[in-house]
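# Architecture and fold: a report
Take a look at the letters that make up each chain.
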Amino acid sequence: MTGQIVVQFLTGLAGAASLFLVAAGLSIIFGVTRIVNFAHGSLYMLGAYIAYSLTERLAVGTIYGFWVSVVLAALAVALIGAAIEIAILRRIYRAPELFQLLATFGVVLVVQDAALWIWGPVDLMGPRAPGLDSSVEIMGQRLPEYDLALIVISPLVLGLLWLLFYRTRWGILVRAATQDREMVGALGRNQAWLFTSVFFVGAFLAGLGGAIQLPKGGADLLIDLNIIAAAFVIVVVGGMGSITGAFLAAILIGELQAFAVLLLPESTLVIMFLAMAVVLVVRPWGLLGRPVAEHAAGRAAEPLLRPPGRTQRMIWGAVIACLLTLPLIAEDFTLTLSIEIMILALFAASLHFIMGPGGMVSFGHAAYFGLGAYGAALLATKLDTPMELALLAAPAIAGAGALVFGWFCVRLSGVYLAMLTLAFAQIAWSVVFQWYELTGGEDGLLGIRRTPWADSRIVFYYLVLAACGVAIYAMRRMIFAPFGYAVRAGRDSRLRAEAIGIDTRRFEWMAFLIAGAMAGIAGGLYVYSKGSVFPDEMSIPRSVDGLVMVLLGGVQTLSGPLFGAAGFTWLHDAISRLEYWRFILGGTIIGLVLAFPEGLGGIWRQLEDWVRRRRAVARQAKP
Amino acid sequence: MTVLEVRALYKGFGGVQAVAGIDFDVAAGELLAMIGPNGAGKSTCFNILNGQLRPDGGSVRLAGREIAGLPPGHISRLGVGRTFQITATFGSMTVAENVQTALIAHHRDLAGLWRPAASLHRAAAMALLERVGMAAQADRACGVLAYGDLKRVELAVALANDPMLLLMDEPTAGMAPAERVELMALTAEITRERNIAVLFTEHDMDVVFGHADRIIVLNRGALIASGTPQEVRANRRVRELYLGESVEAER
Ligand SMILES: Nc1ncnc2c1ncn2[C@@H]1O[C@H](COP(=O)(O)OP(=O)(O)OP(=O)(O)O)[C@@H](O)[C@H]1O
Ligand SMILES: [Mg+2]
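Please read these numbers as outputs of a predicted model, since none were measured by experiment.

What chain B contains, in helices and strands, is 10 helices and 10 strands. Expected size for 251 residues packed as a compact globule is a radius of gyration near 18 Å; at 18 Å, chain B falls within 12% of this value. For chain B, the spread of C-alpha atoms along the principal axes amounts to about 65 × 40 × 35 Å. Within chain B, buried positions represent 55% of all 251 residues. Total accessible area computed for chain B in this model is approximately 10,200 Å², and 52% of it derives from carbon and sulfur atoms. Seen as two clouds, the 25 positive and the 28 negative side-chain charges of chain B have centres 4 Å apart.

Shown next as structure tokens:
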């Protein structure tokens, strides 16, 4: 028994190694550049794949060859990371922070297809590490020798990083930049050099993490998003920007997972995110993190938010007229696509509701879409609930989820809040994924039929149009009602808002609830449009889709996210039959970000400003 | 009538005793200046008075009622208005909307989900803006205003809850000298006509000695002098503090 515990403990330590490496890299990059690098998981994945190819050629059974391959793979990834920084991110440091996030989403997609193209769709089994391919006996239990190597690696890397940060000029610069943002601006030309080198080091660690876990986990096309979720958890649990914190957190999570496998195998996915939620509630800034000072002046100036002008209202009238007449002229295929677009437009609008006016970025909004979808689907399949009732229940269920998750989330702010939303979304997702008896796990829930009166595609189209239209309109009303002003006041300047008697946290919570319920409506409609539901509907990619729609559309405009949803869904549909559609989508996102750092909705506003100025000039010119 | 009574107020941050047991009163219609070098504890004191910080000890009474430790929203509704050292306004709103939001909050109309806020309390907001001389810019974005104008907007916002006590943390910091005197004169005029008690901090001695009825001097969290401008001007310890000779050296 003791033997088993000791060995399991060592297994946990071994598992912590690559988690620590990835999280340390993510943390360093965030600390200096303030970029949440979603593509960090992709770098890890590349590390695994490149190490695979190198060991095939170099290792051939020699100890030396294996470890050289691992280090070379990490170096190659480091170069790729630096190249990404130079080619893409460097051009958009002046753009709003979220746009940098968007660009890294683009990179995730591009890397996924690049890996698919180079290494193919089949999961690759990692080679055994030569010289460490058997196991040792500890207190009557067997432990793979390679695990011992992994256990040694993390403290070794931690030590090397310590030397790098405390004994080199570069390290001093990095620490100074992490602690004092003003200083970064004062660096002038050296800033570019610092950022690139930080990406190089961060990517090296990610690549190394991917490479060393190759003998244990192999390489496949899903590890990028799996590891990024885990890395977020560790960075947040450890405390943003703290390498030692990341080390402790990696061990904590590694151990929890190792023992969870022993005690309750179904809980492995949930446990990591639960641990994060618990730590954040007790220590909002992570184990070794420090609180971020609240600025009296509030965030970078937000542009004025105005109710729609006459031109805009006319355009909306025209859009609605087109949508109303569409079934008369369109084919089935167009109607189906339009239904999906309207549903996702509501999803995007609900995400925008908390991100724009609320100023709370959510990385896990799919949770509420999924809760609505699964809520409706379970009612329909398990309890034979009629469609009307299930559709009404969907927002209630999603809203209840948002009420619980939101209570925790609004206690944090900024990146911490965003990552906590991701953690909650992953909890919801893993419950659905692992609770096979109830949700059917990966097989999903099938055969959900619409009520006879709504069975025809045209009737359902109008139902979706009405539901989404009313929901979106209601959210707009709220934004311009006192509630919206209160929420926006909290975003613009929390200090000022509280000083005039606004309980900002309560309004954020309410906004969370409303956004969740609205996403739930979208989820419920989605189930009845497809007739089925799968865990994908609440997975990270779905959350990311929402973010891309909102950010592409322009988070500072109200209609932007709707157009973003339409454009994204249409593009997605148009290319999704191609083999390398992710590459195209990712490339498009990167291209758009570089070309329009204000979002597509921003183009509209720029145009409007221009027209207004022209008119003013014309008016003045008249005698 | 005494509006604010502060007794034995303490607040420390780790090793720093930012406010170390201070007592003072402010009467209705009175302008009390709190002066002291950087880091003396002035902003910390303000943050306790408006509820942003919880004191380690001591009592704060507003019109006889204990308010120490209450949340800022609650204290605001009891009649305390505040302006910040670094101006804090809502950048995505117009000047008028900033004041309207404060009025909406004051009248507890915040929960409305449907009726547009644009017309709520518009007239009252315009009246306040008129009073601080910002009516002409009512529909401009707050984010594009000159710093001095922003300070005026903040004053209007701070007056929206019809306060009996106004806390102004360096109301004229960052303004041109002529503007400073003008803004302080305006503040004095408004608060006297409404019988509001004012506590303000200020580094500009012209503003302090020109407008304050009484002055208290803070150094390292402790009160070292208080009295009329003449008394404070004549005080030996204050002179030492402001002439740069440290009180420590003398000991
Ligand atoms: N949140 C905080 N955490 C730690 N220390 C703090 C905090 N706020 C203030 N201090 C410290 O408390 C002391 C008093 O600061 P405070 O801001 O009250 O001074 P002040 O008199 O307003 O100075 P200034 O004239 O520069 O505005 C300073 O030593 C400051 O460093
Ligand atoms: Mg101060």
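Residue and element names in this part refer to chain B. Asn38, Gly39, Lys42, Ser43 and Thr44 are the nearest of the 13 residues found near ligand 1. Thr44 has a polar side-chain atom sitting 2.5 Å from an oxygen atom of ligand 1. Between ligand 1 and the protein, one listed contact pairs an oxygen atom with a side-chain N or O atom of His203 at 2.9 Å. Coverage of ligand 1 by the protein chains reaches 61% of its 640 Å² of free accessible surface. Elements with a contribution of two residues or more to the shell around ligand 1: strand E2 (16-27) and helix H1 (42-49). Sort the elements by how many residues they give to the shell around ligand 1 and H1 lands first, with 3 residues. For the shell around ligand 1, the per-class residue count stands at 4 nonpolar, 7 polar and 2 charged.

This part is about the sheet that holds strand E1 (residues 2-13) of chain B. All names here are of chain B. Read across the sheet, 4 strands follow the order E2-E1-E4-E5 without closing on themselves; strand pairing throughout is antiparallel. In this open sheet, the two strands that pair with only one neighbour each are E2 and strand E5 (65-66). Note: E1 against strand E4 (residues 57-62), 5 bridges, orientation antiparallel. Looking across to E4, one finds that Leu4 is bridged to Leu62. Sheet strands in contact with H1 are E1, E2 and E4, and its direction is about 120° off that of E1.

Inspection of the entire model under this criterion finds 0 disulfides over all chains. With no disulfide of its own, Cys322(A) has Cys468(A) as its nearest cysteine by sulfur position, at a separation of 17 Å.

The subject of this paragraph is a positive patch on the surface. Residues and elements named next belong to chain A. Taken together, the side chains of Arg310, Arg313, Arg615 and Arg619 define a basic patch exposed on the protein surface. For the positive patch, the secondary-structure elements that each account for two or more residues are helix H13 (310-329) and helix H26 (600-621). Along the chain, the position of Arg615 falls in helix H26.

All names here are of chain A. The full count for this structure, using the stated rule, is 22 salt bridges over all chains. The shortest N-O distance in the salt bridge between Glu508 and Arg494 comes to 3.0 Å. Placement of Glu508 in helix H22 (residues 504-530) and of Arg494 in helix H21 (residues 494-499) is noted, with a sequence separation of 14 residues between them. As far as burial versus exposure is concerned, Glu508 and Arg494 are alike and both buried.

Attention now goes to the domain arrangement of chain A. Residues and elements named next belong to chain A. Under the domain assignment used here, chain A contains domain 1 (2-282) and domain 2 (326-581). Averaged C-alpha coordinates put domain 1 and domain 2 at centres separated by 31 Å. Opposite the 29 residues of domain 1 that make contact, domain 2 presents 29 residues. Counting each side, the surface lost to burial between domain 1 and domain 2 is near 2,600 Å², with a carbon and sulfur contribution of 85%. Interface area lost by domain 1 to domain 2 is led by Leu98, Leu269 and Phe273, which between them contribute 19%. Where domain 1 packs against domain 2, one counts 0 salt bridges. Connecting domain 1 to domain 2 are 0 residue pairs in polar contact (both at pLDDT 80 or more).

Before going further, it helps to spend a moment on the interface of chain B and chain A. How big an interface is tends to be stated in terms of accessible area lost as the parts join. With 37 residues of chain B in contact, the opposing surface of chain A contributes 32 residues. Of the roughly 2,900 Å² buried between chain B and chain A on both sides combined, carbon and sulfur atoms contribute 65%. Viewed at the interface, chain A and chain B are joined by 2 salt bridges. In this structure, the connection of chain B to chain A is made through 16 residue pairs in polar contact (both at pLDDT 80 or more). Those elements giving two or more residues to the side of chain B that touches chain A turn out to be helix H2 (72-77), strand E6 (80-83), helix H3 (95-106) and helix H5 (147-159) of chain B. Top element by residues in the side of chain B that touches chain A is H3(B). It accounts for 5 residues. In the side of chain B that touches chain A, the residues fall into 19 nonpolar, 12 polar and 6 charged.

What follows covers the packing of helix H24 (residues 560-575) of chain A against helix H25 (residues 581-595) of chain A. All names here are of chain A. Direction vectors running N to C along H24 and H25 enclose 150°, while the axes themselves pass 9 Å from each other. Here H25 runs roughly antiparallel to H24, going by the angle between their axes. Crossing of H24 over H25 shows right-handed handedness. Between H24, through Phe568, Leu571, His572 and Ile575, and H25, the contact on the second element is made entirely by Trp581, Ile584, Leu585 and Thr588. In terms of residue class, the contact of H24 with H25 is built from 6 nonpolar, 2 polar and no charged.

With that out of the way, let us pick up the coordination of the magnesium ion (ligand 2). Around the magnesium ion (ligand 2), the protein contributes the donor atoms Ser43(B) (OG) and Gln85(B) (OE1), at 1.9 to 2.2 Å from the metal centre. Pair noted here: Ser43(B) is in helix H1 and Gln85(B) is in the loop between E6 and H3, with a separation of 42 residues, a long-range link.

Now for the domain arrangement of chain B. Residues and elements named next belong to chain B. The domains assigned to chain B are domain 1 (1-78 + 195-251) and domain 2 (80-162). Listed as interface residues are 11 residues of domain 1 and, on the opposing side, 7 residues of domain 2. Summed over both sides, the interface of domain 1 with domain 2 buries roughly 760 Å², with 49% coming from carbon and sulfur. Summed over the three residues of domain 1 that lose the most area to domain 2, namely Asn50, Ser76 and Arg77, the buried surface amounts to 48% of that side. Counting the contacts that link domain 1 with domain 2 gives 0 salt bridges. If you look at where domain 1 meets domain 2, you find 5 residue pairs in polar contact (both at pLDDT 80 or more). At the level of elements, H1 and H2 are the ones that each hand at least two residues to the side of domain 1 that touches domain 2.

Next up on the list: the packing of helix H4 (residues 122-132) of chain B against H5(B). Residues and elements named next belong to chain B. Between H4 and H5, whose axes approach to 9 Å, the crossing angle comes to 135°. Comparing the axis directions of H4 and H5 gives the class oblique. Between H4 and H5 the crossing geometry is right-handed. Between H4 and H5, the contacting residues are Leu128, Leu129 and Val132 on the first element and Arg152, Leu155, Ala156 and Leu159 on the second. Class assignment for the residues of the contact of H4 with H5 results in 6 nonpolar, no polar and 1 charged.

The next subject is the environment of Leu552(A). With respect to the secondary-structure elements, Leu552(A) resides in helix H23 (residues 540-553). Sequence separation between Leu552(A) and Glu508(A) is 44 residues; the distance between their C-alpha atoms is 24 Å.

This next bit is on the sheet that holds E6(B). All names here are of chain B. The mixed open sheet is built from 6 strands, whose spatial order is E6-E7-E8-E3-E9-E10. Two strands close off the open sheet at either side, each with one partner strand: E6 and strand E10 (222-227). Strand-to-strand twist across the sheet, computed as the mean angle between neighbouring axes with direction ignored, equals 15°. Relative to strand E8 (residues 197-201), strand E7 (residues 165-169) runs parallel, the two being bridged by 5 bridges. Of the residues in E8, the one forming a bridge with Leu167 is Leu199. Packing of H5 onto the sheet brings it into contact with E6 and E7, and relative to E6 it is tilted by some 165°.

A word on the pairing of strand E1 (residues 135-138) of chain A. All names here are of chain A. Bridging between E1 and strand E2 (residues 141-144) involves 4 bridges; their strand directions are antiparallel. Each residue of the ladder has a partner; that of Ile138, found in E2, is Gln141. Remark: 2 residues form the turn of the hairpin made by E1 and E2, two consecutive strands paired antiparallel; Met139 in that turn has positive phi of roughly 45°.

Time to look at unusual backbone geometry. Of all residues except glycine, most have a negative phi; of all peptide bonds, most are trans. Residues and elements named next belong to chain A. One non-glycine residue, Asp384, lies in the positive phi region at around 50°. Residue position: Asp384 is located in the loop between helix H15 (366-383) and helix H16 (387-409). What makes Asp384 exposed here is its relative accessible area of 66%.

What counts, and where the lines are drawn
Residues numbered from 1 in each chain as written. Chains lettered and ligands numbered in written order. Predicted model: local features only at pLDDT ≥ 70, side-chain atom pairs only at ≥ 80, totals over all residues. Heavy atoms only, no water. Helix = DSSP H or I, 4+ residues; strand = E, 2+ residues; numbered from the N terminus. Rg over C-alpha atoms; globule rule 2.2 N^0.38 Å. Buried < 20%, exposed > 50% of the residue type's maximum accessible area, 1.4 Å probe, protein only. Areas by Shrake-Rupley, 256 points an atom, 1.4 Å probe, with all protein chains shown as cover. Lys, Arg positive; Asp, Glu negative; His and termini not counted. Charge placed at Lys NZ, Arg CZ, Asp CG, Glu CD. Near = heavy atom within 4 Å. Polar contact = N/O pair within 3.5 Å; in protein donor to acceptor, adjacent residues only side chain to side chain. Nonpolar A, V, L, I, M, F, W, Y, C, P; charged D, E, K, R; others polar. Pairing = 2+ DSSP bridges. Contact = heavy atoms within 4.5 Å. Axes fitted to C-alpha atoms, helices over the stretch in contact; angles between N-to-C directions. Disulfide = S-S within 2.5 Å. Patch = residues over 30% accessible without salt bridge, like charges linked within 9 Å, V, L, I, M, F, W, Y side chains within 5 Å. Salt bridge = Lys/Arg side-chain N within 4 Å of Asp/Glu carboxyl O. Domains from an automatic or database assignment. Buried area = accessible area lost by both parts, 1.4 Å probe. Parallel < 35°, antiparallel > 145°, perpendicular 65-115°, else oblique. Left-handed = near helix turned anticlockwise from the far one by under 90°. Donors = N, O, S within 2.8 Å, 3.2 Å for Na, K, Ca; no water.

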